[in-house]
Structure formats: structure tokens, C-alpha cells
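# Report on the structure
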Amino acid sequence: DAGVTQSPTHLIKTRGQHVTLRCSPISGHKSVSWYQQVLGQGPQFIFQYYEKEERGRGNFPDRFSARQFPNYSSELNVNALLLGDSALYLCASSGEDSYEQYFGPGTRLTVT
Amino acid sequence: AQSVTQLGSHVSVSEGALVLLRCNYSSSVPPYLFWYVQYPNQGLQLLLKYTSAATLVKGINGFEAEFKKSETSFHLTKPSAHMSDAAEYFCAVSESGAGSYQLTFGKGTKLSVIP
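In short, a report on the structure. Since this is a predicted model, take the numbers as computed values, not measurements.

What counts as what
- Residues numbered from 1 in each chain as written.
- Chains lettered and ligands numbered in written order.
- Predicted model: local features only at pLDDT ≥ 70, side-chain atom pairs only at ≥ 80, totals over all residues.
- Heavy atoms only, no water.
- Helix = DSSP H or I, 4+ residues; strand = E, 2+ residues; numbered from the N terminus.
- Rg over C-alpha atoms; globule rule 2.2 N^0.38 Å.
- Buried < 20%, exposed > 50% of the residue type's maximum accessible area, 1.4 Å probe, protein only.
- Contact = heavy atoms within 4.5 Å.
- Areas by Shrake-Rupley, 256 points an atom, 1.4 Å probe, with all protein chains shown as cover.
- Lys, Arg positive; Asp, Glu negative; His and termini not counted.
- Charge placed at Lys NZ, Arg CZ, Asp CG, Glu CD.
- Buried area = accessible area lost by both parts, 1.4 Å probe.
- Salt bridge = Lys/Arg side-chain N within 4 Å of Asp/Glu carboxyl O.
- Polar contact = N/O pair within 3.5 Å; in protein donor to acceptor, adjacent residues only side chain to side chain.
- Pairing = 2+ DSSP bridges.
- Axes fitted to C-alpha atoms, helices over the stretch in contact; angles between N-to-C directions.
- Disulfide = S-S within 2.5 Å.

## A closer look at the overall build of chain B
- Summing up its helical and strand segments, chain B has zero helices and twelve strands in all.
- Seen in sequence order, chain B has helices and strands lined up from the N terminus as β-β-β-β-β-β-β-β-β-β-β-β.
- For 115 residues, the compact-globule formula gives about 13 Å, and the C-alpha radius of gyration of chain B, at 14 Å, lands near that figure.
- Projected onto its principal axes, the C-alpha coordinates of chain B cover approximately 45 × 30 × 20 Å.
- Looking at the 115 residues of chain B, the share that counts as buried comes to 45%.
- Of all intrachain contacts in chain B linking residues separated by at least 6 positions in sequence, the fraction that spans at least 24 positions is 58%.
- If you sum the accessible surface of chain B, you get close to 5400 Å²; carbon and sulfur atoms cover 52% of it.
- Separation between the mean location of the 8 positive side-chain charges and that of the 7 negative ones in chain B comes to 2 Å.

As C-alpha cells, this is what we get:
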């Protein structure tokens, strides 16, 4: 079975630009979460979606937004990129009412 | 609010020696606790989890962890380190019953294994 997949693998953007990151959960999983991992730190929670509804939001500015589609895949959007947005963005999926989250390989975003 | 503290950002052990990675948590409700491992340029892999069943939890690759409520700890151990264990390890907590299953992570401990 395929695990969580994310695209693209790497991305380089310029300050002020917009970026869209994509995630496909494990088949049968209805919940997707997004985390930001800055170099040398643990992942920080950004959003969680379940059945297309936002279930939780971390302490991130409104420049960050996300959505979940009917097939349970998800997009994370970041507007007006800052240098500080450079990080590994991780997507995780979980089954219904499950605390176990399975992570994808991440998207490495570099903002110059 | 929940938080996780991992003592020691970098731990070095000899191959075959005991591995002990420390994790303390704070949570206002009974926690669910997790250990994840991250190899360079990869995502996180779940090693083991505590979800209020047995306090001694066994995971993959010979790792185990013990939940000690009185000490608010969830330390990760492995009796004999292998070179392939070199990686970064993250402890995480989730609050049971909160409705949102978000994970709060510690800052991580990088494990080096010396041959």
C-alpha cells in the first residue's frame, strides 16, 4: 500500500511569492494534518482537516491556509512568502478517530 | 496547553551500548505519547505509542518506552545500539479527548552511534 505522498519534493521561491503544497493521504484515511519543521527544530502543527472540515489550527499567520478535497487529498497554501517560511513541510494522515499519524516525506521549501 | 521537553539535543553511544533518550511532557488531560524517528532528508516514522493501555510500550526496531505518570516521563530505550539507529528522535504528545488530534513535538534528540 502506498504511504502518504507529497509534492513537490523540493521548491525554491522568492520572497513575496505564493506557494501551494500537495498531499495525498493513505488510502482509507480521512484526516490530514500539516506541520512545519524548521531546521534543527521539531515539527510545529499548522492545520488538521477531517472530512473536508478544519478540525484544528496552530499558531500561524493568516498567510497560511489549507483545504481538503472530496478524495481527502489536501493543499497547503502560503501567501506573501517570507525568508522565515523556509522549512520542511510535512503532511500526515490518520484514520477515523485515530491519534496515530503517518507522515509523508515532506516538501522542502526554500525562500530566497 | 501541552508541551514536551527532550533532554539532550545530541546523544552519542557506542555500538552495542544502551540507548536512553529522555522525554518529559506536560498535559492538562491524560496524554497520548509517541516517539518518532527521522532519518536525514526523510519524513517521520512512528516508533511506538502510548494510549493509556500498558505503561511499558514496545515498538519497532527493538525500542521500547515506559510511561511514568508520577514523573511525567516517557523515556525511550534500546538495550543494544546498532549503527542503523543513528537518526533524530522526536517525542510527541497529543491530548486525549480534545477533538483535535494535533501533535506537539519536542525539539528532538540526535543520536550518534560510534563503531
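Having seen the structure, we can now continue with the description.
## With respect to the interface of chain B and chain A
- Chain B puts 23 residues into the contact, and the matching count from chain A is 20 residues.
- Buried surface at the junction of chain B and chain A, summed over both partners, amounts to about 1800 Å²; 56% is from carbon and sulfur atoms.
- Here chain B is connected to chain A by one salt bridge.
- A:Glu100 is paired through a salt bridge with B:Lys49; the nearest N and O atoms lie 2.6 Å apart.
- Linking chain B with chain A are four residue pairs in polar contact (both at pLDDT 80 or more), by the criterion used here.
- Taken together, the elements giving at least two residues each to the side of chain B that touches chain A come down to strand E5 (31-38), strand E6 (44-50) and strand E10 (87-95) of chain B.

## Examining the sheet that holds strand E3 (residues 19-24) of chain A
Residues and elements named next belong to chain A.
- Read from one edge to the other, the open sheet built from four strands follows the order E1-E3-E8-E7, with strand pairing classed as antiparallel. In the strand order of this sheet, the two ends are held by strand E1 (5-7) and strand E7 (64-68), each with one partner. For this sheet, the mean inter-axis angle between neighbouring strands, taken without regard to orientation, is 15 degrees.
- With three bridges connecting them, E1 and E3 associate as antiparallel partners. If you follow Thr5 over to E3, its bridge partner there is Ser24.

## Some words on the state of the cysteines
- Counted under the stated rule, the structure contains two disulfides over all chains.
- Between A:Cys23 and A:Cys91 runs a disulfide, and the two sulfur atoms are separated by 1.8 Å. Classification of the bridge connecting A:Cys23 and A:Cys91 rests on its S-S torsion, roughly -65 degrees, and on that basis the disulfide is left-handed. Taken together, the positions of A:Cys23 in strand E3 and A:Cys91 in strand E9 (residues 87-94) put the pair 68 residues apart, joining distant regions of the chain.
- Of the residues examined, A:Cys23 reaches a relative accessible area of 3% and is grouped as buried.
- By relative accessible area, A:Cys91 is classed as buried at 0%.
- Each disulfide pairs two cysteine sulfurs, and for B:Cys23 the partner residue is B:Cys91, the sulfurs being separated by 2.0 Å. Its torsion about the S-S bond being -65 degrees, the disulfide of B:Cys23 and B:Cys91 is classed as left-handed.

## With respect to unusual backbone geometry
- In this structure, A:Pro8 follows A:Ser7 across a cis peptide bond, with omega equal to -10 degrees.
- In this structure, A:Pro8 sits in the loop between E1 and strand E2 (10-13).
- You will see that A:Lys52, though not glycine, has its phi angle at about 70 degrees, which is positive.
- Turning to its location among the elements, A:Lys52 is positioned in the loop between strand E5 (44-50) and strand E6 (53-57).
- With phi around 60 degrees, B:Asn61 is a residue other than glycine that occupies positive phi space.
- Looking at the element boundaries, B:Asn61 is found in the loop between strand E7 (56-58) and strand E8 (64-68).

## Observations regarding the pattern of salt bridges
- Considering all chains together, one arrives at eight salt bridges over all chains under this definition.
- Linking A:Glu75 and A:Arg67 is a salt bridge whose minimum nitrogen-to-oxygen distance equals 3.3 Å.
- On the accessibility criterion, A:Glu75 (11% relative accessible area) is buried.
- Judged by relative accessible area, which is 45%, A:Arg67 ranks as partly exposed.
- B:Lys78 serves as the salt-bridge partner of B:Asp85, at 2.9 Å between the closest nitrogen and oxygen.
- Look at the salt bridges and you will find they share partners, linking A:Arg22, A:Arg67 and A:Glu75 into a network.

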